[in-house]
Amino acid sequence: MAEAAAIQGTLPSPARRWLRRTASLAVAAPLLGGFLPGLAAPTAAAAESAKRAGTVDVALDTLTPSAPVEGDTLTITGTVTNESKQAVTDATVDLRVGPQMTSRSEIDEVSGRRTYRDGRDPAPLGGAYTVKIPELGAGLSREFTLSVPVSKLGLDDAGVYQLGVSLSGETAGQSYQRVLGIERTLLPYQPEATDKKTQLTYLWPLISTSHVSAETGADQQQTPVFENDDLAAELAPGGRLHEMVSLGRNLPVTWVIDPDLLASVAAMTEPYMIKSGTTEVAGKNQAVAERWLNDLEKAVQSRKVVALPFADPDLASLAHHGKDVPGSLSHLQQATALASSTVETVLHVKPSTDFSWPVDGAVDPSIMAVATSAGAHNVIARSDSFRDDLSYTPTSARPIGGGTTAVVSDAGLSKAFQGEMIRAEDATLAVQQFLAQSLAITLELPEDQRSVVVAPQRMPSTAEAQSMAKALEALNAKRWTEPLDLTAAATQSDPEASKRVPSSASYPKRLREQELSAGAFRQMKETGDQLDDFKVILTAADRVVPPFTNAISREMSTSWRGEPASAALYRKEVQDYLLSLTQEVQLIEKSDLTLSGRSATIPVTVQNRLLQGVDHLVLKLKSSNKTRLDLDVNGEATRPVKVDGGHSQSVKFDASANANGPVTMTAQLYTEDGTPYGEPMTFTVKVSEITPTVMLVIAGGVLLLVLAGVRMYSQRKRAAARNAAEEASEDDAGPTAETETETGPEADAEAEAESEQPSDPTPDTGSESGDPSGTGEKVDR
């Protein structure tokens, strides 16, 4: 038959020749095994051949076109590298075209092979379609290019074919031709458009890590403070997010956006600050942020946009650890409510908020319940979680009851571009794998149209995004797929597909180990409770509440997966900053006071170092011994407190003393609903009452002093009279030649008495200080 075919000019294709040779070997092997026992060891020989095939590494850098049609020329470029310690001589690089593959599982099996296997790998195309390499030294590399018309590939029918590139040669140790290295890829061949095309929904995620802190500037604009300036690098040309927008604008994709990313970039378009150690420095990438937002706004116009809840909360962590912590689910509801307004404000498009996306599409009953608790009716799952027992790939949407739909993305297509993709070979192989799998899906049931969703990794790298874009561009011809947006894909279903939600036991252990702990959610609750207590006293709460609410949403972000230390540090910084603000409103410490008398006024000072006023506070003062020192009612007194920003207020309490001795007083601020605010402050009042007996003793002493003064005055008056009389007698006797100056003790005493003046009054005390009062301070009466 082969001779007849040769005569008629219809030589069998390489794929058919490979099938015939394999069949012949299959028939002959038992016979040879029976008659020639010594030769019945093909398995060992194949294993040895496979072992030797690792001598040379074959890398396929480019393959164009990725999905050829009749009339095209297939061109493959690559590199061969001799990884052995011996030179390879008389080498050839060959192209090997395998038979058509009939299932997705067969495609996976072929793609997983890394060594050459005699009898299982196709024969080389040969002829003019080889590259000769006379010698390849140890450790050296050579580039190659193979160009073959598609008509020479022997592709019989539409389908997916194995394509191998091998290097055969000799070494000094074994001087005969053998395969020393091989690399396989896949070739999708669909020259004509199929009658029923697979509707392909590709999600294009714009998600980043959390970059904005809870801190804002004290200026009127509340300048945001960023944890770092890493976001600017992602937005700049060549950055990950820049490439996602640049590539996605020309692709038929559904944009899936975290509103927190939009809010963060929008904040960068205005003045912003960046943490730098213990200080802050001004950010300088406003132009980069503005250009990226402008490009994104143009890219999403008239396109389907899905908004995730603000900051992309970790639904699995909420379901497994957070839902039992009061208030956790309320943050998910707030994040969902904020999503639509943020996207509309920044991008001027109305998004869909009806989708939730658990990590890697892994779900269980609790995740499904949490994912839909904030109003979403569609949960994006994945087929390696939501498994089917079908011989074909079913349509993605699965109505599971209660108005909820599981949109099950295809695991093989979704994971096709996970990896660094830095090497050209990795990207080329991934693109061919994706295209081959998508064609295989269409050919499974060519008479039925199905809808398939692809949900790639949340934050593709630049190289991964470029590979994804290359694969989608190869589908532009729409020969076996056509684009469909996510909202439309959620409305289609397959009655044969499984609608059973996976059990909790089936949730991957690897993902469970990365979840936020219950302790993390309790810490978020503490921060939220602290914020609730703080906001009720503020006269401008809108300057404080939104930054902290958004920060708490960021604390439960999916982006913290695999970063537990960074997540814990972020939560602590948010909580510490809120605590520092609450402590700006406090009681000024007082030292011990002395109360003399039956009644007095006790002042307590409230200090507000915030830039805004506080109100709706009350100050309660309590006596530890109401019998000794009583206040308004039953040893307690309450006064309202309202203090302007940057000021202090002295709150006065009337007290009445009934007995001597020390009394401990406790001052505590409360909100109007009775919630304690801040720490209590204690001080001691020393009661020293003056009794009637003491007053009589003091009065008697004063009387004695007065009487002594009167007596001294009378004595001095009589002495002055006697002196005057004596002077008159001397005048009558006549003057002497000299008048002597009177001396002696009496004259000195009199002179001293005449020189006495009342002392100057003491100066006024200074203005009231915010420092603690001094020991022995007396209260105002």
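Predicted model, so just to flag it, every value in this text is computed and none were measured.

The secondary structure content of the protein amounts to 21 helices and 30 strands. The burial tally for the protein puts 45% of its 781 residues in the buried class. Of the contacts made within the protein by residues no fewer than 6 positions apart, 78% connect residues no fewer than 24 positions apart. Here the protein displays about 38200 Å² of accessible surface, and carbon together with sulfur accounts for 52% of that area.

A few words on the packing of aromatic side chains. Within this structure, the stated rule accounts for 6 aromatic pairs. Ring geometry for Trp-560 versus Tyr-570: centroids 5.5 Å apart, planes at 40°, classification tilted. Taken as a pair, Trp-560 in the loop between helix H18 (545–555) and helix H19 (564–582) and Tyr-570 in helix H19 lie far apart in primary sequence, 10 residues in all. For Trp-560, a relative accessible area of 11% gives the class buried. Residue Tyr-570 is classed as buried on the basis of its relative accessible area of 3%. Aromatic ring contacts, followed pair by pair, group Tyr-202, Trp-204, Phe-417 and Phe-434 into a single cluster. Looking at Arg-458, its charged tip hangs above the ring of Trp-357, at a distance of 4.4 Å from the centre. The ring of Tyr-670 has Lys-620 sitting right over it, with the charged end atom 5.1 Å from the ring centre.

Within soluble globular proteins, side chains that are nonpolar tend to cluster in buried spots. Counting residues in each nonpolar core, the largest one holds 71 residues, and the members touching the most others are Leu-619 and Leu-629. With residues near it in sequence (within four places) discarded, Leu-619 still touches Leu-587, Val-604, Val-606, Ala-637, Thr-638, Arg-639, Val-641, Val-651, Phe-653, Ala-667, Gln-668 and Leu-669. In terms of nonpolar packing, the next biggest core, distinct from the first, is built from 67 residues, Leu-200, Leu-235, Ala-471 and Leu-475 among them.

Time to look at unusual backbone geometry. Glycine aside, negative phi is the norm for most residues, and most peptide bonds take the trans geometry. In this model, Thr-64 is joined to Pro-65 through a cis peptide bond whose omega is -10°. Topologically, Pro-65 is positioned in the loop between strand S1 (56–64) and strand S2 (73–82). Residues other than glycine seldom take positive phi values, yet Asp-360 does so here, at roughly 55°. Residue position: Asp-360 is located in the loop between strand S15 (355–356) and helix H11 (365–371). Even without being glycine, His-616 reaches a positive phi, approximately 60°. Tracing the backbone through its elements, the reader meets His-616 in strand S24 (residues 614–623). Judged by relative accessible area, which is 36%, His-616 ranks as partly exposed.

Now for helix H7 (residues 259–268). Of all the 10 residues making up H7, 7 are buried; the element is thus mostly covered by neighbouring parts of the structure. When we look at burial in H7, the residues that qualify are Pro-259, Asp-260, Leu-261, Leu-262, Ser-264, Val-265 and Met-268.

With that out of the way, let us pick up a nonpolar patch on the surface. Where nonpolar side chains cluster on the molecular surface, the patch consists of Leu-703, Leu-704 and Leu-707 and spans about 320 Å² of accessible area. Looking at where Leu-707 falls in the secondary structure, it is placed in helix H20 (residues 692–733).

Tracing the backbone shows Leu-531 in helix H17 (residues 518–535). In this structure the C-alpha to C-alpha distance between Leu-531 and Thr-549, which are 18 residues apart in sequence, comes to 8.6 Å. Leave out the neighbours within four places in its chain, and Leu-531 touches Val-544, Val-545, Phe-548, Thr-549 and Leu-578.

The next point concerns the sheet that holds S1. Read from one edge of the open sheet, 3 strands run S1-S2-S5, paired in antiparallel fashion. Unpaired on one side and paired on the other, S1 and strand S5 (141–149) mark the two borders of the sheet. Averaged over all pairs of adjacent strands, the angle between their axes in this sheet comes to 20°, without regard to strand direction. Note: S1 against S2, 8 bridges, orientation antiparallel. Its bridge partner being in S2, Asp-57 is matched across the sheet by Thr-81.

Looking now at the packing of H18 against H19. Two elements in contact, H18 and H19, have axes whose closest approach is 10 Å; the angle formed by their N-to-C orientations is 160°. Relative to H19, the element H18 is oriented roughly antiparallel. Judged by the sense of rotation from one axis to the other, the crossing of H18 with H19 is left-handed. Together, Phe-548, Ala-551, Arg-554 and Glu-555 of H18 and Tyr-570, Arg-571, Val-574, Tyr-577, Leu-578 and Leu-581 of H19 make up the contact between the two elements.

With that settled, the discussion passes to the pattern of salt bridges. Under the definition given, this model contains 26 salt bridges. Where Asp-121 meets Arg-184, a salt bridge forms, and the shortest distance between an N and an O atom there is 2.7 Å. Remark: Arg-184 occurs in strand S7 (residues 178–189) and Asp-121 occurs in the loop between helix H4 (104–111) and strand S4 (130–136); sequence separation between them is 63 residues. Here Asp-121 matches Arg-184 in class, with each residue buried. As a salt-bridge pair, Asp-532 and Lys-535 come within 3.5 Å of each other at their nearest N and O atoms. Taken as a pair, Asp-532 and Lys-535 lie in helix H17 at a separation of 3 residues, close to a single helical turn. In the salt-bridge network here, residues are joined through shared partners; they are Glu-109, Arg-113, Asp-121 and Arg-184.

For the rest of this paragraph, the subject is helix H13 (residues 424–444). Look at H13: 30 Å from first C-alpha to last across 21 residues, which is about the 30 Å you get at 1.5 Å a residue. Counting buried positions over the 21 residues of H13 gives 15, a clear majority of the element.

Turning our eyes to something else, we now look at the side chain of Thr-223. Within the secondary structure, Thr-223 is located in the loop between strand S9 (212–216) and strand S10 (224–226). Judged by its relative accessible area of 13%, Thr-223 falls in the buried class. Within the structure, Thr-223 has its side chain in polar contact with the side chain of Asp-219 (distance 2.7 Å). Apart from the residues within four sequence positions on either side, Thr-223 is in contact with Thr-216, Gly-217, Pro-271, Tyr-272 and Met-273.

What counts and what doesn't
- Residues numbered from 1 in each chain as written.
- Predicted model: local features only at pLDDT ≥ 70, side-chain atom pairs only at ≥ 80, totals over all residues.
- Heavy atoms only, no water.
- Helix = DSSP H or I, 4+ residues; strand = E, 2+ residues; numbered from the N terminus.
- Buried < 20%, exposed > 50% of the residue type's maximum accessible area, 1.4 Å probe, protein only.
- Contact = heavy atoms within 4.5 Å.
- Areas by Shrake-Rupley, 256 points an atom, 1.4 Å probe, with all protein chains shown as cover.
- Phe/Tyr/Trp six-rings, centres within 6.5 Å; stacked < 30°, edge-to-face > 60°.
- Lys NZ or Arg CZ within 6 Å of the ring centre and 35° of its normal.
- Core = buried A, V, L, I, M, F, W, Y, C linked by side-chain atoms within 4.5 Å.
- Patch = residues over 30% accessible without salt bridge, like charges linked within 9 Å, V, L, I, M, F, W, Y side chains within 5 Å.
- Salt bridge = Lys/Arg side-chain N within 4 Å of Asp/Glu carboxyl O.
- Pairing = 2+ DSSP bridges.
- Axes fitted to C-alpha atoms, helices over the stretch in contact; angles between N-to-C directions.
- Parallel < 35°, antiparallel > 145°, perpendicular 65-115°, else oblique.
- Left-handed = near helix turned anticlockwise from the far one by under 90°.
- Expected span 1.5 Å × (residues − 1).
- Polar contact = N/O pair within 3.5 Å; in protein donor to acceptor, adjacent residues only side chain to side chain.

By themselves, these are just geometric observations and shouldn't be taken as functional.
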